[in-house]
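Observations on chain architecture
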Amino acid sequence: MKYYLGLIVEYLKNYIKTRMTYRADFWVEVISDLLFQATNLIFIFVIFMHTDSLGGWSQGEVVFVYGFFMVPFGVFSCFINLWGFSERYIVKGEMDRVMTRPAHNLFQIFLENVDPPALVGSIIGIVIMAVSGSQLGLPFEWWTVPAMLVLTISAVAIYTGIYTALTSLSFYSDAPTGILPLMYNVQGYGRYPVTIYNRAIQVLLTWILPFAFVGVYPASLFLEREEMRNMAFLTPLVGGVFLLIGLTAWNYGVRRYRGAGS
Amino acid sequence: MFNGTSAYLDFIRIRFLTMLAYRVNYYTGILIYTLNIGVYYFTWKAIYGGGGELGGFTASQMTTYLAVSWMARAFYFNNLDREISTDIRDGSIAIQFIRPYNYIMVKMMQGFGEGLFRFMLFMIPGMAIAMLLFPVKLPTAPEAWAGFLVMLFFSFLINSQLNVITGLMAFFVENNEGFMRMKRVVVDLFSGLIIPISLFPGWLGDIMGFLPFQAITYLPGSVFTGRIQGVGIWQVLGIQVLWFVLLLIPMVWLYRMSRKRLFVQGG
Amino acid sequence: MNAIEVKDLRKTFKVQKNREGLKGAFLDLFKREYNEVAAVKDISFRIPQGEICGYIGENGAGKSTTIKMLTGILVPTSGHLSVGGYVPYEEREKFVQHIGVVFGQRSQLWWDIGVIESFQLLRKVYRVSEQDFKHRLDELVERLQLQDLLNRPVRKLSLGQRMRCELVAALLHNPSIVFLDEPTIGLDIVVKSEIREFLKDMNREHGTTILLTTHDLQDIEALCSRVIMLDDGRIIYDGGLEELKNRWGTGREVQFQFGTGTKLAQLQSWTAGLPLEWSADNDLGAKVWIPLEINVSDVLGQVVGKADITDIKIVETNTDDIVRSIYQSGSAEKKNGEAAVQQDEGVVTHV
């Protein structure tokens, strides 16, 4: 454990050193990330120019959910960045190099692709939560910060599980582009009140691609919306289950890559 | 001898065949696009509530607009920016530039091969599924279809031109990734895919009227849902052609600059 | 003790069949067909500790597949495998601590930052203590003359400089077994010989076992006491380099230069009765190919007195020729066996 924590520090150091050479890029990346988030906020604002409530949720509440959504997403994007895995590691063969080193292969891949600018999104998310939370008059309790931590970690586990499972498909299919970019659209849907969707989409976003657990469910705990409280409590469990699924799928994929038991 | 036309056509064919090999992407792609349409359909349904009209769209027109725009995207979307940027970063662009063809033309052809594939195996089946699931009302007049196909082709051209321009930027900035992400976001938002442009607040809508993005989704979508009719259709086509021509300028200029940079400064 | 033990090692891959043309591609979209392809076919060998062994073969002969199995990347389909006392694919993370791997065509260094930063990171990855690291790095830097390069980003290094740094990266944790996959590819002669010298010294001083694949047979001649040659997944030769030359070397070549024009027919008639092959570019120069069983002096004796010779050069067959001739005869021998193999494996394609 200490070994892996040490490695995180070491890889981050290297990241920073790399970035010192391309300082302008850092900001381009931050801005493009923010622009991406801004698009979604613009969507929310435009919608509420034409209606007062979205399935019984006010603008303030939807914006708060959005703020919450940005926090785990930023953490996830910083540490788990599997874009272009197939291209870089399978097609160009870097997986072989990873396999000749004495640390878990997935962990090495995560570390080789750390992307700290994404954390700026998390910070802005917190700011959005604070601003819209105080406008809504949400109480700040003793459990707010611990709950935020637990829910953030759980949500990151859900993302990690889903994306790791999907990325492990690259071990089976020779497609270079993968379906990850498409998933980026889907994950956003969990930050709107899922009750506005029909049953099928609700089930999908709750149990199959549980993106509702990275947005509206956990955020409802702070918004004190009774109807989703139980779902909020379920978040850590869903996180654990999906992380397990992701890691299992990955390990099977690696087994296949190594030509074992296929 | 290098036979230009047939070689270029071959790039279309080869890309088409290459795309066929990557089946997993497109089975899931259809599902996810259907899901996208579904999510926005229900979101708009919640916004419309009882009925009425938003930004000149009735609820039923909005449904059709959504389905048509997403399916148009299924056709015109491509990753030419990423491909070009990769070619530049790993240096293989140099080989491309000395071959006896025009690199940009090749990329456009490859993009079109991909588009054809997406049209047949992605857009058409996706549209069929969307029509089964949601109350999508497509026009019956053959002129509307013919017009839509022509506009769709221009959507593809304009989107690909923007991609080529973003891709070639890799020559001039160290890491193009940020720009490519930005472009993607901007195109999805400003093209009217996520929100029809008439719903934006006036000033923002006005600004978008001066940008090329609306010619990719919003204008053709408006024609196809029957919001724009008659002479307006020719205007829309005119705007598309205009943007196609205007975008040729920076594209060709960047291409020239890139060649110069590559050959004079060695990359 | 053996550093590497391999017994009946086999690796088969499933390779997707691509049907031809538009219709075929459509069919592939819905139903895929696969071929079983054997890349390595039941090979066995042992490499004692401290040996430098060359592993050679044409592209697709199964070299990289073997190396990938030996380094724990791939799991064998069948057979036994032991490297440095470990079964590589079972305890991969523990095992790789004891080996060093250099893939000549792939970098393990960070592209944008100073080389030393990559080394520091690898120190952490391989859990090398600060003290050992410093000692080892000093030694390697000294030996490979990298002092000035340590702070330079990898993208600003020449290929030769980068390769030397790659070697350091693979050796920092002082592995007892080192795998080199094409370590000299693309390098110029000076760097090549520097790297060879370095590897030889390392082998002598630390007793490091080295297995290297290469297409450059001069690497083999300079480094290896032993050669394993692979063709189509099977070992076709395993033994010393000298023996290889003796057994497969087919003869020598003698080059003559003449002061006065001498016709090819004339030369042929002087040595009539001997199984020689003469060839000539012009009247002032000729070459003769002498099989092993005939003494060079016998041939010279026939020519020297009669022709006006200005220069004689005797050329031993080099390894290139030998290897080429082995491949040619090797595949010629195989033809019959292959037909049978094809029947039980279905279609055999090269990977």
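Here the structure is a predicted model, which is why all the values come from computation and not from measurement.

A separate point is the overall build of chain C. Summing up its helical and strand segments, chain C has 12 helices and 13 strands in all. Of all 351 residues assigned to chain C, the portion counted as buried reaches 34%. Long-range contacts, defined here as pairs at least 24 residues apart, represent 73% of the contacts in chain C between residues at least 6 apart.

Across its full length, chain A carries 12 helices and zero strands. Along chain A, helices (α) and strands (β) appear in the sequence α-α-α-α-α-α-α-α-α-α-α-α when read from the amino end. For chain A, whose C-alpha radius of gyration is 19 Å, the value lies close to the compact-globule estimate of 18 Å for 262 residues. Viewed in the frame of its principal axes, chain A has a C-alpha envelope of about 55 × 45 × 35 Å.

With that out of the way, let us pick up the packing of helix 4 (residues 115–125) of chain C against helix 6 (residues 159–171) of chain C. Describing two packed helices takes the angle between their axes plus the distance from one axis to the other. All names here are of chain C. The geometry of helix 4 relative to helix 6 is characterised by a closest axis approach of 9 Å and an angle of 15° between their N-to-C directions. When the axis of helix 4 is compared with that of helix 6, the two are roughly parallel. Here helix 4 runs over helix 6; the crossing is right-handed. Taken together, the residues of helix 6 that come into contact with helix 4 (itself represented by V115, S118, F119 and L122) are C165, V168 and A169.

Turning to the domain arrangement of chain C, a few remarks are in order. Entries for chain C in the domain assignment read domain 1 (2–246) and domain 2 (251–316). Spacing between the C-alpha centres of domain 1 of chain C and domain 2 of chain C amounts to 44 Å.

A few words now on the interface of chain A and chain B. A common way to express how large an interface is: the accessible area buried when the components associate. Contact with chain A, which involves 31 residues of that partner, is made by 31 residues of chain B. Those elements that place two or more of their residues in the side of chain A that touches chain B are helix 2 (23–50) and helix 9 (180–187) of chain A.

Quick look at the UniProt feature "transmembrane region" (unreviewed entry) in chain A now. UniProt records the feature "transmembrane region" (unreviewed entry) for residues 26–51, 63–85, 106–131, 143–166, 200–219 and 231–252 of chain A in the present numbering. Taken end to end, residues 106–131 of chain A is 77% helix and 0% strand, and its first and last C-alpha atoms sit 37 Å apart.

Residues and elements named next belong to chain B. Interaxial distance between helix 7 (residues 142–168) and helix 8 (residues 177–190) falls to 10 Å at its minimum, and their mutual angle equals 160°. Between helix 7 and helix 8, the angle falls in the class roughly antiparallel. Two packed elements cross with a definite hand, and for helix 7 against helix 8 that hand is right-handed. Of helix 8, the residues touching helix 7 (which contributes N159, L162 and T166) are F179, M180, K183 and V187.

Right, let's talk about the sheet that holds strand 1 (residues 2–17) of chain C for a bit. Residue and element names in this part refer to chain C. In spatial order, the strands read 2-1-4; together these three strands make up an open sheet with antiparallel pairing. Only two strands of the sheet have a single partner each, and these edge strands are strand 2 (33–48) and strand 4 (78–83). The average angle at which neighbouring strand axes cross in this sheet is 25°, direction not considered. In terms of strand pairing, strand 1 meets strand 2 through 12 bridges, oriented antiparallel. Paired with N2 across the strands is P48, a residue of strand 2.

This brings us to the nonpolar core. I158 and Y159 of chain A, M71 of chain B together with V168 of chain C are the most contacted members of the largest nonpolar core, which has 214 residues in total. When residues of this core are assigned to their parent elements, the largest contribution, 14 residues, is made by helix 3 (residues 59–79) of chain A. Apart from residues lying up to four places away in sequence, I158 of chain A is in contact with P210, F213, V214, V238, G239 and F242 of chain A.

This paragraph deals with the sheet that holds strand 9 (residues 234–240) of chain C. To summarise the sheet geometry, strands pair through backbone hydrogen bonds and adopt either a parallel or an antiparallel arrangement. All names here are of chain C. Overall, mixed pairing links the six strands, which are arranged 5-6-7-3-8-9 in an open sheet. Where the open sheet ends on each side, the last strands, each with one partner, are strand 5 (99–103) and strand 9. Mean inter-strand twist for the sheet, computed between neighbouring axes without regard to direction, equals 15°. Both strand 6 (residues 177–181) and strand 7 (residues 209–213) contribute to a ladder of five bridges, which runs parallel. Residue pairing in the sheet places L180 in a bridge with L212 of strand 7. The strands touched by helix 2 (residues 63–70) within the sheet are strand 3 (52–57), strand 6, strand 7 and strand 8 (226–231), with strand 6 carrying the most contacts at an inclination of about 150°.

Let's shift gears to the environment of F68 of chain A. Residue and element names in this part refer to chain A. Its place among the elements puts F68 in helix 3. Sequence separation between F68 and S220 is 152 residues; the distance between their C-alpha atoms is 9.8 Å. In this structure F68 touches G125, M129, G215, P218 and A219, once residues within four positions along its chain are discounted.

Here the focus is unusual backbone geometry. Residue and element names in this part refer to chain C. At R127, a residue that is not glycine, the phi angle is positive and equals roughly 50°. Position of R127 relative to the elements: it lies in the loop between helix 4 and helix 5 (130–144). The backbone of N174 sits at a positive phi, close to 50°, despite the residue not being glycine. Position of N174 among the secondary structure elements: in the loop between helix 6 and strand 6. The partly exposed category is assigned to N174, around which 17 C-beta atoms lie within 10 Å.

All names here are of chain C. In a regular helix each residue adds 1.5 Å, so 18 residues correspond to 26 Å; helix 7 (residues 189–206) covers 26 Å between its end C-alpha atoms and thus fits that length. What helix 7 keeps buried is the set K192, I195 and L199. Projected down its long axis, helix 7 carries its buried residues within an arc of 70°, all on one side. Helix 7 presents I189, V190, D201, R204 and E205 as exposed residues on the side facing more than 90 degrees away from its buried surface.

Let us look at the environment of N35 of chain C. Residue and element names in this part refer to chain C. Within the element layout of this structure, N35 appears in strand 2. When the 16 C-beta atoms within 10 Å are taken as the criterion, N35 is described as partly exposed. Residues N35 and K17, 18 residues apart in the sequence, show an inter-C-alpha distance of 6.6 Å.

This part takes up the pairing of strand 11 (residues 277–282) of chain C. Residue and element names in this part refer to chain C. Along strand 11, only zero of the six residues are buried, which leaves the element largely exposed. Looking at chain direction, strand 11 and strand 12 (residues 285–291) are connected through five bridges and run antiparallel. The residue of strand 12 that forms the bridge with N282 is G285. The antiparallel pairing of strand 11 with strand 12 creates a hairpin that spans two residues between the two strands.

With that settled, consider the confidence of the model for chain C. Residues and elements named next belong to chain C. For chain C, the mean per-residue pLDDT works out to 82, and 87% of the residues sit at or above 70. In the model, residues 331–351 has pLDDT below 50 throughout and makes 19 contacts with residues more than four positions away in sequence or in other chains. Note on the complex model: pTM 0.80, ipTM 0.82.

This brings us to the environment of I197 of chain B. Residue and element names in this part refer to chain B. Looking at the element boundaries, I197 is found in the loop between helix 8 and helix 9 (202–209). Of the residues examined, I197 has 24 C-beta atoms within 10 Å and is grouped as buried. Taking the C-alpha atoms as reference points, I197 and G209, 12 residues apart in sequence, are found 8.7 Å from one another. When near neighbours in sequence (up to four residues on either side) are disregarded, I197 contacts G192, G205, M208, Q214 and Y218.

Definitions and cut-offs
- Here the residue index of a chain counts from 1 through its sequence in written order.
- Key to labels: chains lettered from A, ligands numbered from 1, both in the order written.
- Residue-level local features of this predicted model are given only where pLDDT is at least 70; pairs of side-chain atoms are given and counted only at 80 or more, and the full residue set underlies all totals for whole chains, interfaces and linings.
- Counting from the N terminus, the helices are DSSP H or I runs at least four residues long and the strands are E runs at least two residues long.
- To sort residues by burial, count the other C-beta atoms lying within 10 Å of each one's C-beta; a count of 20 or more means buried, 12 or fewer means exposed, and anything in between means partly exposed. C-beta atoms are built from the backbone.
- Whether two residues are in contact is decided by their C-beta atoms, placed from the backbone, lying within 7 Å.
- Both definitions apply: the radius of gyration is a C-alpha atom measure, and the globule rule equals 2.2 Å times residues to the power 0.38.
- Axes here mean lines fitted to C-alpha atoms, for a helix over just the part in contact, with angles spanning 0 to 180 degrees between N-to-C directions.
- For this classification, under 35 degrees means roughly parallel, over 145 means roughly antiparallel, 65 to 115 means roughly perpendicular, and everything else is oblique.
- Crossing handedness is defined as follows: a turn of the near helix away from the far one that is anticlockwise and smaller than a right angle gives a left-handed crossing, while the clockwise case is right-handed.
- These domain limits were set by an automatic method or by a database of domain assignments.
- UniProt positions are given in the numbering used here, feature names are shortened, and annotations may be inferred rather than shown by experiment.
- At least two bridges found by DSSP between two strands are what make those strands a pair.
- Structurally, a nonpolar core is described as a collection of buried Ala, Val, Leu, Ile, Met, Phe, Trp, Tyr and Cys residues joined by way of C-beta atoms within 7 Å.
- Multiplying 1.5 Å by the helix residue count minus one yields the expected span of that helix.
- Regarding the arc, it is the one traced by the directions from the helix axis to the C-beta atoms.
- Residue-level confidence of the predictor is what pLDDT reports, using numbers from 0 through 100.

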